[in-house]
Amino acid sequence: MSIVSDRGLRKRVAMILEIISITAFPILLVFVISTYLGATTTPVTGQYPINIVKVRVLNETGAEQYTFKRGQVFYVEVTIKYTPPTAPAYYYYYYYYGYYYYGYYGYAPAPAQLSTLTIIRIMDPNNYVFALGASPKTLTKGETYSFALGWRIPMDATVGDYTIKVMVWDTWIIYGGGNPLALPVQVVIHVV
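Calculation rules
- Residues numbered from 1 in each chain as written.
- Predicted model: local features only at pLDDT ≥ 70, side-chain atom pairs only at ≥ 80, totals over all residues.
- Heavy atoms only, no water.
- pLDDT = per-residue confidence, 0-100.
- Helix = DSSP H or I, 4+ residues; strand = E, 2+ residues; numbered from the N terminus.
- Contact = heavy atoms within 4.5 Å.
- Pairing = 2+ DSSP bridges.
- Phe/Tyr/Trp six-rings, centres within 6.5 Å; stacked < 30°, edge-to-face > 60°.
- Buried < 20%, exposed > 50% of the residue type's maximum accessible area, 1.4 Å probe, protein only.
- Salt bridge = Lys/Arg side-chain N within 4 Å of Asp/Glu carboxyl O.

A. The arrangement of the confidence of the model for the protein chain in detail. Chain-level statistics for the protein chain give a pLDDT mean of 79 and a share of 69% at 70 or above. Element-level pLDDT for the protein chain is lowest in strand 4 (residues 89–97), with a mean of 53, against a maximum mean of 98 in strand 2 (residues 67–68). Confidence drops under a pLDDT of 50 for residues 27–45, and excluding neighbours within four residues, the segment shows 10 contacts in the predicted structure.

B. Structural detail: the sheet that holds strand 7 (residues 129–140). Read from one edge of the open sheet, 5 strands run 2-10-9-6-7, paired in mixed fashion. Each edge of the open sheet carries a strand with a single partner, namely strand 2 and strand 7.

C. Geometry of the environment of Trp169. Among the structural elements, Trp169 can be located in strand 9 (residues 160–169). Between the C-alpha atom of Trp169 and that of Leu181, which follows or precedes it by 12 residues, the distance is 5.3 Å. With sequence-adjacent residues up to four places away left out, Trp169 is seen in contact with Ser115, Thr116, Leu117, Ile119, Gly178, Asn179, Pro180 and Leu181.

D. Spatial organisation of the packing of aromatic side chains. Evaluation of the coordinates by the stated rule reveals 5 aromatic pairs. Where Phe74 meets Trp151, the ring centres are 5.9 Å apart and the plane angle is 40 degrees; that geometry is what we call tilted. Here the residue Phe74 occupies a position in strand 3 (residues 73–82), and Trp151 occupies one in strand 8 (residues 144–152), the gap between them amounting to 77 residues. Judged by centre distance (5.3 Å) and plane angle (80 degrees), the ring pair of Phe130 and Tyr162 falls under edge-to-face. Of this pair, Phe130 sits in strand 7 while Tyr162 sits in strand 9, placing them 32 residues apart in sequence. For Phe130, a relative accessible area of 24% corresponds to the partly exposed category.

E. Representation of the pattern of salt bridges. If you walk through the whole model with that rule in mind, you get 2 salt bridges. Close ionic contact of Arg56 with Glu64 constitutes a salt bridge, the shortest N to O distance being 3.7 Å. Of the residues examined, Arg56 reaches a relative accessible area of 23% and is grouped as partly exposed. Where Glu77 meets Arg56, a salt bridge forms, and the shortest distance between an N and an O atom there is 2.7 Å. Of this pair, Glu77 sits in strand 3 while Arg56 sits in strand 1 (residues 50–58), and the two are 21 residues apart along the sequence. The class of Glu77 is buried, set by a relative accessible area of 17%. Overlapping salt bridges bring together Arg56, Glu64 and Glu77 as one network.

If you want it as structure tokens, here you go:
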């Protein structure tokens with residue numbers, strides 16, 4: 001009687017291990033791929049030199065507001081700060097010569113000035129780009145920069161949640177940039 005139950009137990013254990021290996025492989029594969037893709041988007045230093053301090057949505061009077069009606073104007077106010085790491089680190093540098101931008105990586109202390117491009121992208125409820133705005137600025141160590149961009153919501157705009165994503169890059173991708181300098185920040189407004 002015990003020989004039969006041992007065989008049955010062994011079969012069940014073997015079947016469970018086979019199921020685990022079949023289901024674990026895709027999960028492991030997804031984990032490895034997502035880790036690789038995440039690694040390719042992190043800055044060279046492993047730290048972000050720019051900190052997005054504040055993102056607020058304002059109405060026409062300058063008061064903070066997150067629900068709007070069609071036809072209203074809203075502003076996205078962004079504040080960023082250049083807070084470089086104190087220890088020397090790897091940085092990406094680029095320079096303009098003639099018609100081309102050239103870039104290289106180098107181990108050095110944080111640059112005294114850093115060129116930034118703050119991008120505001122707004123997606124509608126259907127995940128289409130509703131608006132896009134950008135503000136370039138060269139910052140010195142410890143400097144804070146604030147700005148606001150505004151848009152009018154069309155009268156025929158889709159009702160629902162609009163996602164505002166603020167990103168800070170070194171420059172536009174077409175100029176050899178697109179390297180993130182800060183963790184992106186998202187806020188949501190409601191159009192009723």
